[in-house]
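Descriptive structure summary
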Amino acid sequence: MSKSIKSNVLDFVQRQKEMLRIFGMNKNVSLKKSGVSIRFFPFESDYNFQLASQFSSHALEDGAIVENNRFNYPVFFPKGWKKANRVIVLLHGLNERNWDKYLCWAEYLAEHTHKAVILFPIAYHINRSPGLWSDPRSMSFLVRKRQEMVGPDRSLCFANVAMSERLNEDPVRFYTSGRQTVEDLRLLATTLKNGKHPKFKKGTSVDFFAYSIGAFLAEITLMANPDNLFDQSKLFVFCGGSIFQSMFGESRCIMDKSAYDRLLGFYMKDWMGCEQVTDEARFAFNTMIAPDVHREKREGFFKNLGNRISGISLRKDKVMPYEGVEACMGNENAVQKFELIDFPFEYSHESPFPTNSNIEPTLLNASFNQVFSRAAQFLAS
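Before going into details, it helps to say that this report is about the structure given with it. Being a predicted model, the structure only gives us computed values, none of them experimental. (Residues numbered from 1 in each chain as written. Predicted model: local features only at pLDDT ≥ 70, side-chain atom pairs only at ≥ 80, totals over all residues. Heavy atoms only, no water.)

1. Describing the overall build of the protein
Counting its secondary structure elements, the protein contains 16 helices and nine strands. A compact globule built from 381 residues would reach a C-alpha radius of gyration of about 21 Å, and the protein, at 20 Å, matches this within 12%. Its C-alpha atoms put the protein at 50 × 45 × 40 Å along the principal axes. Classification of the 381 residues of the protein by burial places 60% in the buried group. Restricting to contacts in the protein with at least 6 residues of sequence separation, those with at least 24 account for 76%. Each charge sign in the protein was given a centre, from 48 positive and 42 negative side chains, and these centres are 8 Å apart. (Helix = DSSP H or I, 4+ residues; strand = E, 2+ residues; numbered from the N terminus. Rg over C-alpha atoms; globule rule 2.2 N^0.38 Å. Buried < 20%, exposed > 50% of the residue type's maximum accessible area, 1.4 Å probe, protein only. Contact = heavy atoms within 4.5 Å. Lys, Arg positive; Asp, Glu negative; His and termini not counted. Charge placed at Lys NZ, Arg CZ, Asp CG, Glu CD.)

2. Thoughts on helix H12 (residues 280-287)
By the criterion of burial, H12 is predominantly enclosed, with seven of the eight residues buried. For H12, the set of buried residues is Ala 281, Arg 282, Phe 283, Ala 284, Phe 285, Asn 286 and Thr 287. Backbone nitrogen of Ala 281 and a side-chain oxygen of the N-cap are separated by 3.2 Å at the start of H12; the cap is Asp 279. (Polar contact = N/O pair within 3.5 Å; in protein donor to acceptor, adjacent residues only side chain to side chain.)

3. Describing the packing of aromatic side chains
If you walk through the whole model with that rule in mind, you get 54 aromatic pairs. Geometrically, the ring pair formed by Tyr 175 and Phe 285 is edge-to-face, given 5.0 Å between the ring centres and 70 degrees between the ring planes. With Tyr 175 in helix H9 (residues 172-193) and Phe 285 in helix H12, this pair connects stretches of sequence that are 110 residues apart. What makes Tyr 175 buried here is its relative accessible area of 2%. Look at Phe 285 and you get buried, because its relative accessible area is 4%. The aromatic ring of Tyr 124 is capped on one face by Arg 166, whose charged end is 4.8 Å from the ring centroid. (Phe/Tyr/Trp six-rings, centres within 6.5 Å; stacked < 30°, edge-to-face > 60°. Lys NZ or Arg CZ within 6 Å of the ring centre and 35° of its normal.)

4. Considering the environment of Met 288
On the secondary structure map, Met 288 appears in the loop between H12 and helix H13 (295-305). Of the residues examined, Met 288 reaches a relative accessible area of 0% and is grouped as buried. If near-sequence neighbours (up to four positions away) are discounted, Met 288 is found in contact with Phe 216, Glu 219, Ile 220, Met 223, Ile 243, Phe 244, Arg 298, Phe 302 and Cys 328.

Have a look at this one:
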């Protein structure tokens, strides 16, 4: 174990249990061990659903989901904060319904980078989705309905049925959800940089820590760079960075096989077959779909990011494989910017640090610290 890992070592297994007891949505709290404080702030999206209806016939219907447009997000402030001027936006994975997995991640980054960490939910995820989408009893009828439609499917369950049904019905929702999130990040960064946020100074710098599909969104955001807000932003990627074509979303935690097949087929054929570049965000999204689409511009973008991007991929990650990172960035960029590592225990993309297992805690602690000490070192500067 390196010196940087030893110096920042955290008993991740024990702390995860403590954080699950401490954290409550919309409840401000101070964490005694680290000195980190958690505060919640309101957000109202200004996304134009009328404009989005040109892509999706369900845009106006989705625009009526109140939870998605007005919500609160938590901010982890480092010890001694008054008004922060540096922030890391943490973006999560696909089909997440709570912040549980990310609490220790955010606390560690806030404590060791001395930057505030915003946990920002992707559109229709976490507290931006109706509560019934994550309620087993409410979703049981939809599971039965999909079983009748798609037949036996071991990847179908109550946890992924809402997303599976929505994407199967209209795969354009994958784009419009991401597009709304990019617009929301633009609004968030504008608020922070203009000094209009009550707890951040004018000119606040914005960096990203992004996991899984959150990395896909972060890369698109940096590439589109709305209003030049992210000219200096840094991005650390964990278990992400793959080109869309190489992603494998079939999972009981993400979406069922039928929805995955529908999504992949749509974006590889129908979407790219009628490509229309209407703006920078749409173009950025299109460059991230397949390796041979706008390859030169995409690889040039990652090369030009220089030392503003870094990441870690896991060898046994089947959802966001390292080969997909190479296909996205180009082999040379991937080798220079990403590290491919493995853990000495069984893990998965969805659960890289499985605390509910018989794995020796010291191994989990060491692996967690290996990843996050590097992330903190990269994002601290």
